[in-house]
Amino acid sequence: MTQDLKNILNPEQFAAATTVEGPILILAGAGSGKTRVLTHRIEYLVNEAGIDPGNILAVTFTNKAAGEMRERTVQLLGSKAGKVQIGTFHSTCAMVIRQESDSIGLPRNFSIYDSADQLTVIKEVMNDLRIDTKKFNPRLFRSLISRSKNSMLGPQDVAKQEGYFNELAAEVFSGYNAILNQASALDFDDLLLKPLEIFANHSDIRDKYKNKYKYILVDEFQDTNKAQFEFLLHLSGESKNLCVVGDDDQSIYGWRGADISNILGFEKYFSGTKVYKLEQNYRSTPQILDAAYRVVKNNKKRKSKRLWTEIKQGNKVTLLRSPDDRGEAENILAYMQKEIFEEKRAFKDFAILYRTNAQSRIIEDSLRREGIAYVIIGGVKFYDRKEVKDFLSYLRLILNQNDSISLRRVINYPPRGIGNVTISKIKEFALENKLLFWEALDRTEDIAVGAKQKKVLTDFKKLINKYIELQKELPLEELIRVLDDELGFRKLMKEEGTEESLQRVKNIEELFNSVSEYCEVNPGAGLQEFMENVSLVSDIDNWDNKANAVTLMTLHSAKGLEFPVVFISGCVDGLLPLIRDDDVNKDSDSSEEERRLFYVGMTRAEQRLYLLSSSTRRLYKEFIICRESPFLSEIGEENLEIIEPSYTTFGELRTQKAGTSKPRKSRKKNVKSPFLEGSFVSHKLFGKGRVLEVTPNHGDFKIVVDFGEKGIKKLLAGYANLELLS
DNA sequence: GCAAGCCCAGATAGT
DNA sequence: CTGGGCTTGC
């Protein structure tokens, strides 16, 4: 096997995969085959070093990465792979909590609160504390709480900080914790913290896990935060058999508390660390690698390294300039069609990346108009849709009656005549008598609510109690159907009959499908496991990369993925790097992170990379003038081809759109160019010029024009509005 | 208590 | 332009 591995892996990869003991740092650049190293390392540990697969823990950041690792491990190890624990930090921690919750007095059926739930809780705390939600944006508190938790700081630490805001924040923070505590709920950050609490207070439990996971592998180590690092420290124990893989150039989660010093200081922290650098890239052309390197090398805080490739051929990176963001979308379409036509590419070969989800809309419009299949990742998540959340809140309540947030969400949905007044009365009563909201529902006789409300509340409680019992007997799939029938969820929506409500019915049905699917894959799993899965699974995990569709996603989501052709839209100052007027961290650290983000995007491309910039964009309702992203000028000229806007003003663009806003199924084909080499043309912006070159460009023509003093420009004839002079 | 309608603020990234 | 929060009139 060792010989086989030597053939499969390059020398550095081989060394990294076959070093068994001690701390190991693998600095794996983009496209350097790190997943391959990790999976072959697992194979080597089991098949060569004789390590029990049950003693191996592999941690990733996304379920998708975990799934891929699982798949490849199964290929290499067969049935033995099942014993290897592979999961995300969050799912691994959730597993530990579920198994050990008793030790910290947390019920096993705890709820997991997402960021919307967090906001609900924070608003409630702010109301209780009489803090005006208009003066202080609840989101500010949310991000402060999250950042604090990721750095293992509590309300008392925040209170120590100077300033009125921190004073308030500390109060909100502790009120927030109290509500979650009472609700037996954990937020995402708690999932990472609770195991630390368990380990710190119960060394026997810690030793149990430490002895189980003797060999630990960590993917995307550059994105770990303090809590995650502590988790690894607890488990790796004295043997320090901790193998981490990462790339400081791809650290893009600083805002989530990721601490880049975890990777930069790893060697210092663990003496005797063996370091392996993987610098051979198996993904991209030399031009793409060169362009990406010229950008990222401007960062001060990075380990020196440079990717290289054996690939020889390739094209320059192309910068497509447009007058506005719609022009960017048009350019994407035009060049996509060119790639399909000239390079025989399929839709699934393309990815369109952007900095913020809001940028997707305008691109989607263009794709839809042309009938191009696309999938969009991120944005509003399936499980975040209102109707889906309403339904899931019932399930959460059936599971955990302490969960007052879910309880209040459904107590009047479908409408039963329970309004804010009634809810406030119950809440007050519960507070006075030190009861849970749920317990207070039994005492309607003692609460000053109307007779009708009393009956409704009693009935509601009976209903939930019935399902608490049913849950024990009925399989999950049946339970939700019975619940839907009784509540009349779908029935009500169907009766509404609007297109919107029919879509909601579809979403509910989609939820049923996902329950069925989950039950099939995880036989014997209960409601708690399903809900945990719902909380921790994201859109990208379900992304089907085999479907023939263009993929749209943020630069963040794209990490770890690769595509033959990549478009990065919105390469303008303000988006890349992203600047917000209230930006508190306008420091160099955050601008270096933006550069890394751009670098991550560039290195997703295998063969072709298109960068798009525009001189104006729409924000809300106004147009803003943009300058090009400063990162573009870092690329240099050698490996960058610049194509100028082919039309110049909004006016022209609008006129053009007006005539073609209908679906253009029949695209212009085999048209002869009116422009020939040597003919003279006039352009609105560049003036008079001479045509140097004409090349067909999927139903259009790319022409190169010498505009004398204005330079040589590449234009698309169909959009350029050129006037033929001779 | 509730639905309709108005007003205003607002959006970084995601487990 | 959208969606949450608040007022208003039933």
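Details of the structure are given in the entry above.
Owing to the predicted nature of the structure, the values given are computational and were not obtained by experimental measurement.

A. How the structure looks around helix α12 (residues 226-236). Among the 11 residues in α12, 9 count as buried, and that is most of the element. When α12 is considered as a whole, its buried residues turn out to be Ala 227, Gln 228, Phe 229, Phe 231, Leu 232, Leu 233, His 234, Leu 235 and Ser 236. Of the residues that open α12, the one with a side-chain oxygen 3.1 Å from the backbone nitrogen of Ala 227 is Asn 225. Directly after α12, the chain includes Gly 237, whose backbone phi takes a positive value near 55 degrees.

B. Here's a closer look at the nonpolar core. Counting 51 residues, the largest nonpolar core has Phe 391, Leu 392, Tyr 394, Leu 395, Ile 411, Leu 441 and Phe 460 as the members making the most contacts within it. Contact partners of Leu 392, with chain neighbours within four places excluded, come to Tyr 383, Leu 511, Phe 530, Met 531 and Val 534. In this structure, Ala 30, Tyr 253, Ala 292 and Leu 307 belong to the second largest nonpolar core, which totals 39 residues.

C. Quick peek at the protein's contact with DNA strand B. Taken together, 26 residues surround DNA strand B, and among them Arg 355, Ala 358, Gly 417, Thr 422 and Arg 580 come closest. Atoms of DNA strand B within 4 Å of the protein belong to the sugar or the phosphate in 49% of instances, the rest to bases. For DNA strand B, a phosphate oxygen lies 2.8 Å from a polar atom in the side chain of Ser 557. Going through the elements one at a time, α20 (420-432) and α27 (555-558) are the ones with two or more residues in the surface near DNA strand B.

D. Here's a closer look at the protein's contact with DNA strand C. Around DNA strand C sit Lys 123, Arg 361 and Lys 621, and that is every residue in its neighbourhood. In the model, a phosphate oxygen of DNA strand C is placed 2.6 Å from a nitrogen or oxygen of the Lys 123 side chain.

E. Broad picture of the packing of helix α18 (residues 386-399) against helix α25 (residues 499-521). The N-to-C vectors of α18 and α25 enclose an angle of 45 degrees; their axes lie 9 Å apart at closest approach. Considering the angle they form, α18 stands oblique to α25. As α18 runs across α25, the sense of the crossing is right-handed. Note on element contacts: α25 touches α18 through Arg 504, Asn 507, Ile 508, Leu 511 and Phe 512, opposite Glu 387, Val 388, Phe 391 and Leu 392. When the residues that make up the contact of α18 with α25 are grouped by side-chain class, the tally is 6 nonpolar, 1 polar and 2 charged.

F. Spatial organisation of unusual backbone geometry. Of note, the bond from Tyr 413 into Pro 414 is cis; its omega dihedral lies within 30 degrees of zero at -5 degrees. Mapped onto the elements, Pro 414 comes out in the loop between α19 (404-410) and α20. Here the phi dihedral of Ser 184 falls at roughly 50 degrees; this positive angle occurs in a residue that is not glycine. Exposure remark for Ser 184: the relative accessible area of 4% places this residue in the buried category. Positive phi, normally seen in glycine, also occurs at Lys 434, with a value near 50 degrees. Assignment of secondary structure puts Lys 434 in the loop between α20 and α21 (437-440).

Reading the values: rules and limits
Residues numbered from 1 in each chain as written. Chains lettered and ligands numbered in written order. Predicted model: local features only at pLDDT ≥ 70, side-chain atom pairs only at ≥ 80, totals over all residues. Heavy atoms only, no water. Buried < 20%, exposed > 50% of the residue type's maximum accessible area, 1.4 Å probe, protein only. Helix = DSSP H or I, 4+ residues; strand = E, 2+ residues; numbered from the N terminus. Polar contact = N/O pair within 3.5 Å; in protein donor to acceptor, adjacent residues only side chain to side chain. Core = buried A, V, L, I, M, F, W, Y, C linked by side-chain atoms within 4.5 Å. Contact = heavy atoms within 4.5 Å. Near = heavy atom within 4 Å. Axes fitted to C-alpha atoms, helices over the stretch in contact; angles between N-to-C directions. Parallel < 35°, antiparallel > 145°, perpendicular 65-115°, else oblique. Left-handed = near helix turned anticlockwise from the far one by under 90°. Nonpolar A, V, L, I, M, F, W, Y, C, P; charged D, E, K, R; others polar.

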